[in-house]
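In case you want the letters, here they are:
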Amino acid sequence: SQTNTTAGGNKSQLLVIVLPLVLAWIQRQGGLQGALDKLKNAGLANQVQSWVDPQQQNAQDVPDQNIQSLFDDQDIEQVAQQTQAPKQAIYGAIAAVLPQVIDSLTPQGNSTNPQEANNDIQQVLNMVGGFLK
């Protein structure tokens, strides 16, 4: 059926679209450390540890309800309207992007300098912002 082909295309597009959302969310938590604490408090401590630890495979199992509790519903709604994608798909994209973002922001695992990570976030946001306009 035709819906499958568009869903595939949209999925990678969704990943790009939710990236700034995820990065902005991290900034709103006060940066990397705050975001990690928030994720751990949301019941994702094991997953977070796997994303931060360079030796571990990224755990991908982030339940949608965790994403729902962490992210502002209005933000999700906005993306859903922009992309014409169902909110479930947006949550799925965030769940896919979040591990990669945390992983790439913590190259030295637990000894990563959060300040450097926060500068990286700002750079990526500036880049993506220019790219999306």
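Right, let's walk through the structure included here. (Residues numbered from 1 in each chain as written. Predicted model: local features only at pLDDT ≥ 70, side-chain atom pairs only at ≥ 80, totals over all residues. Heavy atoms only, no water.)

**Let's talk about the packing of aromatic side chains**
Enumeration according to the criterion identifies one aromatic pair in this entry. Taking the centre distance of 5.0 Å and the plane angle of 25° together, the rings of tryptophan 25 and phenylalanine 71 count as stacked. Highlighted residues: tryptophan 25 in helix α1 (residues 2-28) and phenylalanine 71 in the loop between α3 (64-70) and α4 (73-83), separated in sequence by 46 residues. Under the relative-accessibility criterion, phenylalanine 71 is labelled buried at 4%. (Phe/Tyr/Trp six-rings, centres within 6.5 Å; stacked < 30°, edge-to-face > 60°. Helix = DSSP H or I, 4+ residues; strand = E, 2+ residues; numbered from the N terminus. Buried < 20%, exposed > 50% of the residue type's maximum accessible area, 1.4 Å probe, protein only.)

**Topic: helix α5 (residues 87-105)**
One turn of an α-helix holds 3.6 residues; hence residues three or four places apart share an orientation. With 19 residues, α5 should cover 27 Å at 1.5 Å per step; its first-to-last C-alpha distance of 26 Å lies within 8% of that length. In α5, a bend of some 25° at valine 97 exceeds every other bend along the element, and proline 99, a proline, comes one to four places later. Among the residues of α5, those classed as buried are Ile90, Tyr91, Ala93, Ile94, Ala95, Ala96, Val97, Leu98, Pro99, Val101, Ile102 and Leu105. (Expected span 1.5 Å × (residues − 1). Bend = angle between axes of the 7 residues up to and from the residue.)

**With respect to the packing of α4 against α5**
The N-to-C vectors of α4 and α5 enclose an angle of 110°; their axes lie 9 Å apart at closest approach. By the angle between their axes, α4 is roughly perpendicular relative to α5. Judged by residue contacts, Asp73, Ile76, Glu77, Val79, Ala80 and Thr83 of α4 engage Lys87, Ile90, Tyr91 and Ile94 from α5. Taken together, the residues that form the contact of α4 with α5 break down as six nonpolar, one polar and three charged. (Axes fitted to C-alpha atoms, helices over the stretch in contact; angles between N-to-C directions. Parallel < 35°, antiparallel > 145°, perpendicular 65-115°, else oblique. Contact = heavy atoms within 4.5 Å. Nonpolar A, V, L, I, M, F, W, Y, C, P; charged D, E, K, R; others polar.)

**Digging into the pattern of salt bridges**
Scanning all chains against the criterion turns up three salt bridges. Across the pair aspartate 73 and lysine 87 runs a salt bridge, and its minimum N-O distance is 3.1 Å. Residue aspartate 73 is found in helix α4, and its partner lysine 87 is found in helix α5; the two are separated by 14 residues along the sequence. The partly exposed category is assigned to aspartate 73, whose relative accessible area is 41%. Among the residues examined, lysine 87 registers a relative accessible area of 26% and is labelled partly exposed. Glutamate 77 is the salt-bridge partner of lysine 87, the closest N and O atoms lying 3.1 Å from each other. You can see lysine 87 sitting in helix α5 and its partner glutamate 77 sitting in helix α4, a full ten residues away along the chain. A residue is classified by how much of its surface remains accessible, and glutamate 77, at 31% relative accessible area, is partly exposed. Residues participating in the shared-partner salt-bridge network are Asp73, Glu77 and Lys87. (Salt bridge = Lys/Arg side-chain N within 4 Å of Asp/Glu carboxyl O.)

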